[in-house]
Amino acid sequence: MIDYHVAASADSRYDSISESFWPPRMSITGFCEWLANTPGSIALHESLWVYPIVESVHVLTLCLFLGLTVMLDLRLLGMAFRSARVSEVTKRLLPWTTAGFVMMVASGLLLFYAIPVRTFQNIFFRLKLAMLLLAGLNVWVFHSTIYRTVAAWDLDTVPPKRARVAGGLSLALWAGIVVAGRMIAYSWFD
Amino acid sequence: MSLLPFFEFCEHSAVGEAIRTSSWLFPVIESFHLLGLVVIGGSVLVVDMRLLGLGLRGQPAAQLARDAQRWLVGSLVVMLASGVLLFTSEATKCYYHAAFWVKMTSLLLAILFTFTVRRKVAAADKPSPLLSKLVAMASVTLWSAVGIGGRWIGFS
């Protein structure tokens, strides 16, 4: 069980902790508080230019990572590039979506690092993490089941139902992730 | 003639007021704007990458451009509609923000370029590789300027 109610400023336990290089054993909230007091986090949080640039990279890399992922999902749904082999679309886009994903994760971690306590306690951040896990699970299930037989339906203009479900789930989950991500910045429930 | 009175008119219109005074309308419209960004980004990139000899190289560029066209146009419509609404709620701020003018200028150029030169080059039977690459780079540059300008309007 996570302790949500550790008061950051009132609790002197963390004053000495911030001087230690390694995070001590503690709850996730405690870890976030330790993280928030590291010099790098403070510098990023207070920076005039670096934070907005990291945020812009995070948003605009959506075009590369998610834009191309959506193109693949549309192929799985039989809604675009119907004359292309599914395996070709998957293989040729993968290096680009992977590169985009690495940039998304790196910039996302930096954004979290700049504002850890508030972000961790934000409901939209938690929803986003949950949906990210589901999206990952969806990719894993797709690749370990229906995609194994892709040779049999590679040129189908409309792929089999299980492939379409994977594409549709991906679109829905990622739309949710984008919207939840945007909502983290609004402090309705903080 | 200054455009300022028009911008002020937009901001004080019923739509502008409604979005500005609501606590949830702006974020919801913004979400549609972001989802549109994803689709327009993907449908522009998949063709520009092909023109550069990257990505879906096994497909003719003309076929990819035809397939991507309706997603490009559809997402552009979503972007323009949600963008106009977002603009209306903070038109005066936009008027004084350099990023807004950078974005509008590059948007106009990007749309003109995409539906004239790029469309012709992507549809060509035997396009010159050099021309294809130049067109793709111009397209990516123009659309990137639109995106970066748009993100920058949010920083004030």
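Worth saying up front: this structure is predicted, and the values here are computed from it rather than measured.

1. So, the overall build of chain B
Move 1: When helices and strands are tallied, chain B shows seven helices and zero strands.
Move 2: In chain B, the succession of helices and strands from N to C terminus is α-α-α-α-α-α-α.
Move 3: In terms of overall dimensions, chain B has C-alpha extents of about 55 × 35 × 20 Å along its principal axes.
Move 4: Buried positions account for 42% of the 156 residues belonging to chain B.
Move 5: Residue pairs in contact within chain B that sit at least 24 positions apart in sequence constitute 77% of those at least 6 positions apart.

2. Observations regarding the nonpolar core
Move 1: In terms of nonpolar packing, the biggest core is built from 58 residues, with Val38(B), Val46(B) and Val47(B) touching the most fellow members.
Move 2: Of all the secondary structure elements, the ones that give two or more residues to this core are α4 (50-76), α5 (86-114), α7 (123-144) and α9 (161-183) of chain A together with α3 (25-51), α4 (61-89), α6 (98-123) and α7 (129-153) of chain B.
Move 3: Looking at this core, the element that brings in the most residues is α4(A), giving 12 residues.
Move 4: Ignoring any residue separated from it by four or fewer positions in sequence, one finds Val38(B) in contact with Leu62(A), Cys63(A), Leu66(A), Gly67(A), Val70(A) and Val178(A).

3. Focus on the interface of chain B and chain A
Move 1: In this complex, chain B contributes 26 residues to the contact, which on the side of chain A involves 27 residues.
Move 2: Those elements that place two or more of their residues in the side of chain B that touches chain A are α3, α4 and α7 of chain B.
Move 3: Of all the elements, α3(B) adds the most residues to the side of chain B that touches chain A, at 12 residues.
Move 4: For the side of chain B that touches chain A, the residue count by class is 14 nonpolar, eight polar and four charged.

4. Quick look at the domain arrangement of chain A
Residue and element names in this part refer to chain A.
Move 1: Looking at chain A, the domain boundaries give domain 1 (1-37) and domain 2 (49-183).
Move 2: Facing the eight residues of domain 1 at the interface are five residues of domain 2.
Move 3: Partitioned by chemical class, the residues of the side of domain 1 that touches domain 2 number six nonpolar, one polar and one charged.

5. Examining the packing of helix α2 (residues 14-21) of chain B against α4(B)
Residue and element names in this part refer to chain B.
Move 1: Viewed as axis vectors pointing N to C, α2 and α4 meet at an angle of 80°, and their least axial separation amounts to 7 Å. With respect to each other, α2 and α4 are oriented roughly perpendicular. On the side of α2, the interface is formed by Val15, Gly16, Ile19 and Arg20, while α4 contributes Leu85, Thr88 and Ser89.
Move 2: A class-by-class count of the residues in the contact of α2 with α4 yields three nonpolar, three polar and one charged.

6. Thoughts on α9(A)
Move 1: In this model α9(A) runs 33 Å from its N-terminal to its C-terminal C-alpha over 23 residues, within 8% of the 33 Å that 1.5 Å per residue would give.
Move 2: Among the residues of α9(A), those classed as buried are Ala163(A), Ala166(A), Gly167(A), Ser170(A), Leu171(A), Trp174(A), Val178(A), Val179(A), Ala180(A), Gly181(A) and Met183(A).

7. Some points on the environment of Cys63(A)
Residue and element names in this part refer to chain A.
Move 1: Mapping Cys63 onto the fold places it in helix α4.
Move 2: For Cys63, a count of 23 C-beta atoms within 10 Å translates into the label buried.
Move 3: For the pair Cys63 and Gly100, spaced 37 residues apart in the sequence, the C-alpha separation amounts to 8.6 Å.

8. Here we look at the confidence of the model for chain B
Segments scoring low in pLDDT should not have their predicted coordinates read at a detailed level.
Move 1: Chain-level statistics for chain B give a pLDDT mean of 95 and a share of 99% at 70 or above.
Move 2: Reported for the predicted complex are a pTM of 0.90 and an ipTM of 0.94.

9. Details of the environment of Asp73(A)
Residue and element names in this part refer to chain A.
Move 1: With respect to the helices and strands, Asp73 occurs in helix α4.
Move 2: Sequence separation between Asp73 and Leu35 is 38 residues, and the spatial gap between their C-alpha atoms is 37 Å.
Move 3: Leaving out residues up to four positions away in the same chain, Asp73 has contacts with Gly167, Ser170 and Leu171.

About the criteria used
Residues numbered from 1 in each chain as written. Chains lettered and ligands numbered in written order. Predicted model: local features only at pLDDT ≥ 70, side-chain atom pairs only at ≥ 80, totals over all residues. Helix = DSSP H or I, 4+ residues; strand = E, 2+ residues; numbered from the N terminus. Buried ≥ 20, exposed ≤ 12 C-beta atoms within 10 Å, placed from the backbone. Contact = placed C-beta atoms within 7 Å. Core = buried A, V, L, I, M, F, W, Y, C linked by C-beta atoms within 7 Å. Nonpolar A, V, L, I, M, F, W, Y, C, P; charged D, E, K, R; others polar. Domains from an automatic or database assignment. Axes fitted to C-alpha atoms, helices over the stretch in contact; angles between N-to-C directions. Parallel < 35°, antiparallel > 145°, perpendicular 65-115°, else oblique. Expected span 1.5 Å × (residues − 1). pLDDT = per-residue confidence, 0-100.

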